[in-house]
Structures are given as structure tokens and as C-alpha cells.
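As a plain string of letters, each chain reads:
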Amino acid sequence: MATIIDGKKVAEEVLAECAGEIAELKEAGITPGLAVVLVGEDPASQVYVNSKVRKCAELGIHSEKIVLSKEATQEEVLETVQRLNADPAIHGILVQSPPPPQIHEEEIVRAIEPAKDVDGFHPENVAKLALEDSTGFVPCTPAGCMRLLKAAGVETSGAEAVVVGRSMIVGKPMALLLMARGSDATVTVAHSRTKDLAAVCRRADIIVAAVGIAEFIGADFVKEGATIIDVGINRVEDASAKRGYRLCGDVAFDEVLEKAGAVTPVPGGVGPMTIAMLMKNTIKAAKALG
Ligand code: GUN
């Protein structure tokens, strides 16, 4: 029976660190500020944006939530980013992904001042991650996964890690973090074209699942005793649930629990960590920018 890795508890530890750092910044006359931009009405994005703003309020971080209509033009979003780049009260800028189809997300990301890019999506920060230059911003979700591995006492050095998914938000930065000096894992990045994915995953001491398919990683993907980090958040129809759906990860939790050594739940695993690491990045930005 696997240990369940408690993401809420580890996130609380990170947030307690944040509270101390915020107090120090405020003594120096600096209130960290985060701007969250939501374009359109995607229901999941609305939930994420609101929880980010709520967490800022709890911690005493100044936040600004900017909601643009689902018909917003590229120019409107760019102008918003430029205004926030120039605003000294804002240290971190985040444009929630995915935007509506008329928006060219790459151009928006490149318009964010790299020193305020708390998502770590700007090419300058991506390069710094690859170069192991610690002055950059690491994307929040993979940073949270690394912190969970550490908190759970999982040995990454020399471990076989399989990252399932190659997105810029999770898969690629996760692979870079796992292989970096100090983590020292041997990393395989698998994706939708990978042959015999279950066999590839069965080699892994650590699986990071970021495929976006509900309960895709079953027990037959898992080596006895492996650590499973589940990045997925999927809505599955469930007539017996109050909202008409339930949340589940990319991992078939119940069957994997029998075989794995440790596994993160959904909800209550990676999700709370992502927000906690965003708060960390915002504080890091405020320290650097003043
Ligand atoms: N959508 C899903 N995850 C993220 C994230 O970490 N940052 C942003 N901006 N959008 C997301």
C-alpha cells in the first residue's frame, strides 16, 4: 500500500516560509504585487485565477485581477501586459492559459518583462532553467512537483524518471529539473507517440503524469514501489456528485495505490503546490525588483 503524499500539508509549509519573507519585505517598505490576467470565460481558468487572487489576499500580497472579454483582441492583451510591465506596484504578471483562439499566446508571453514572468514561460526564463541559472523563474507546477518529491524523501539521484507529457508548462521544465545537477535523475520524456508507454513507465522509479487524460496511468504502468506524481486535473461526469462532475487526475489512483510506494492524490496533491510556488516566485520577483 502506497504512502499518500499530502500536497496540502507541504504547501502549508511553503506558505509559512512565504509569510516570513513577506513580513521582511514589508519592513523594508516593499509589498509584493501580483497581476493575474484572465482572457475569456473558461470555467476551470476562472477557478484557478480566483484561487490565486484569494491566496494573495490571505498572505498580504497585493493583487490585481484583470478580466478581458472572450472577444478581446491581441492588442488589448498586449496593452494590458505593457501597462503591468511599467507598474512599480506589480512584481509578477501571469496571463492564464489557455486564452481564446484569436489570441497568440507566444507573443503575449514574450511581451511580459522577464523579471516579472512569475510563470517562467518567457524564453529568457526557459533558457535560464536549461542553463541552471538560478536567477530565472521556474514554472510553478514542476517546481511544486520537485518540492513534493523532496518533502516525501524520494531519492532522485540516479533514479529512472519518466515524465509523461512534453508541454512547456509541465513536461519540458519537469524533465530539466529532474536531470539538473543536484537532482541527478535519468530522465525519459514520453508523449502521445511513445511506443508501448506502459513498458516505458514500468522502468520508472518516479513517474510524473501530465497527459490530461483522466485515469490514464493504470497499475500496469507502475513498477512495484515507484513514486507517482499526478499533475492531471480532469473533470469527469458524475451524476451522483453535487456539481454533476468529479475531479480526478491522470492516474487511476485506487489501483495504483496498491502497487506504488508513494502517490499524490487529486485534489490535494500537486494543485495546492502550484499556487504556493507562484507565491514564492512573486516574492522572489519583489526581492529582485524592489
Ligand atoms: N494554466 C494551467 N496552468 C497554468 C500556469 O501554471 N500558469 C498559467 N498562466 N496558466 C496555466
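Above this text is the structure in question.
Quantities reported herein were computed from a predicted structural model and do not represent experimental measurements.

A. Molecular detail of helix α5 (residues 123-130). Here α5 has its buried residues at Asn125, Lys128 and Leu129. All buried residues of α5 project into a common sector of 100° when viewed along the axis, lining one side. Packing partners of the buried residues in α5 comprise α7 (171-179). One or two positions beyond α5, positive phi appears at Glu132, with a value near 60°.

B. Representation of unusual backbone geometry. In this structure, Pro98 follows Ser97 across a cis peptide bond, with omega equal to 0°. Relative to the elements of secondary structure, Pro98 occurs in the loop between β4 (92-95) and α4 (105-111). Val266 connects to Pro267 through a cis peptide bond whose omega is -5°. Note on placement: Pro267 falls in the loop between β11 (262-263) and α10 (270-289). Phi is positive for Asp184, close to 60°, though the residue is something other than glycine. Asp184 sits in the partly exposed class, given a relative accessible area of 35%.

C. Structural view of the site of the ligand. By nearness alone, every residue bordering the ligand is listed as Leu94, Val95, Gln96, Ser97, Asp119 and Phe121. One nitrogen or oxygen atom from the main chain of Ser97 is found 2.9 Å from a nitrogen atom belonging to the ligand. Out of a free accessible area of 280 Å², the ligand has 84% covered by protein chains. Partitioned by chemical class, the residues of the shell around the ligand number 3 nonpolar, 2 polar and 1 charged.

D. Molecular detail of the sheet that holds strand β2 (residues 33-39). Spatial ordering of the open sheet is given by β3-β2-β4, a layout of 3 strands whose pairing is parallel. Because the sheet does not close on itself, it has two edges, and the strands there are β3 (62-68) and β4. Averaged over all neighbouring strand pairs, the angle between strand axes comes to 15°, with direction disregarded. Of the pairings in the sheet, the one linking β2 to β3 comprises 7 bridges and is parallel in character. If you follow Leu34 over to β3, its bridge partner there is Ser63. Packing against the sheet, helix α2 (residues 43-59) makes contact with β2, β3 and β4, and its axis sits at approximately 165° to β2.

E. Representation of α2. Look at α2: 25 Å from first C-alpha to last across 17 residues, which is about the 24 Å you get at 1.5 Å a residue. Every buried residue of α2 is listed here: Ser45, Val49, Ser51, Lys52, Lys55, Cys56 and Leu59. Along the axis of α2, the buried positions cluster into a sector of 160°, meaning they face one direction only. When the buried face of α2 is taken as reference, the exposed residues oriented beyond 90 degrees from it are Ala57 and Glu58. Of the residues flanking the end of α2, it is Gly60, one or two places downstream, whose phi is positive at about 85°.

F. Expanded view of the state of the cysteines. Tallied over the full model, the rule gives 0 disulfides. With no disulfide of its own, Cys140 lies closest to Cys18 among cysteine sulfurs, the gap being 11 Å. The class for Cys140 is buried, based on a relative accessible area of 5%. There is no disulfide at Cys248, and the cysteine sulfur nearest it, in Cys145, is 17 Å away.

What counts, and at which threshold
Residues numbered from 1 in each chain as written. Predicted model: local features only at pLDDT ≥ 70, side-chain atom pairs only at ≥ 80, totals over all residues. Heavy atoms only, no water. Buried < 20%, exposed > 50% of the residue type's maximum accessible area, 1.4 Å probe, protein only. Helix = DSSP H or I, 4+ residues; strand = E, 2+ residues; numbered from the N terminus. Arc of directions from axis to C-beta. Contact = heavy atoms within 4.5 Å. Near = heavy atom within 4 Å. Polar contact = N/O pair within 3.5 Å; in protein donor to acceptor, adjacent residues only side chain to side chain. Areas by Shrake-Rupley, 256 points an atom, 1.4 Å probe, with all protein chains shown as cover. Nonpolar A, V, L, I, M, F, W, Y, C, P; charged D, E, K, R; others polar. Pairing = 2+ DSSP bridges. Axes fitted to C-alpha atoms, helices over the stretch in contact; angles between N-to-C directions. Expected span 1.5 Å × (residues − 1). Disulfide = S-S within 2.5 Å.

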